[in-house]
Amino acid sequence: MSNAGGLGVLGTSADFTEMVNGIPETVEEMRKTIRRTKELTDKPFGINVFPEAADP
């Protein structure tokens, strides 16, 4: 979407191909998705994350 002129936003499960369990796995999958997005565009994009108070 960013390449088309809008602001693309990744959800917390964007592009996940397998079920993940726990915060560390979710963080690593999000990192992979962010890296992939950066390969596809040089435009800005957002990440939609809602951390809980107990999250590290």
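Let me sum up the structure you'll find in this document. What you see is a predicted model, and the numbers here were worked out from it, not measured in a lab.

## Observations concerning the overall build of the chain
- A count of helical and extended segments in the chain gives 1 helix and 2 strands.
- What you see in the chain, going N to C, is helices and strands ordered as β-α-β.
- Expressed as a percentage of the 56 residues in the chain, the buried residues total 23%.
- Once local pairs closer than 6 in sequence are excluded, the contacts in the chain between residues at least 24 apart make up 56%.
- Put simply, the chain shows about 4,500 Å² of open surface, and 55% of that area lies on carbon and sulfur atoms.

## Description of the pattern of salt bridges
- In this structure the tally under the stated criterion is 5 salt bridges.
- Among the salt bridges present, the one from Glu-29 reaches Lys-32, with a minimum N-O distance of 3.1 Å. Of the two residues, Glu-29 and Lys-32 are both situated in helix α1 (residues 23-40); the distance of 3 residues between them amounts to about one turn of the helix.
- Using a relative accessible area of 18% as the deciding quantity, one classes Glu-29 as buried.
- Of the charged contacts, one joins Lys-43 and Asp-42 as a salt bridge, the two residues approaching to 3.8 Å between their closest N and O atoms.
- For Asp-42, a relative accessible area of 69% corresponds to the exposed category.
- Three or more residues are tied together by salt bridges with common partners; here these are Glu-28, Arg-31 and Arg-35.

Cut-offs and rules
Residues numbered from 1 in each chain as written. Predicted model: local features only at pLDDT ≥ 70, side-chain atom pairs only at ≥ 80, totals over all residues. Heavy atoms only, no water. Helix = DSSP H or I, 4+ residues; strand = E, 2+ residues; numbered from the N terminus. Buried < 20%, exposed > 50% of the residue type's maximum accessible area, 1.4 Å probe, protein only. Contact = heavy atoms within 4.5 Å. Areas by Shrake-Rupley, 256 points an atom, 1.4 Å probe, with all protein chains shown as cover. Salt bridge = Lys/Arg side-chain N within 4 Å of Asp/Glu carboxyl O.

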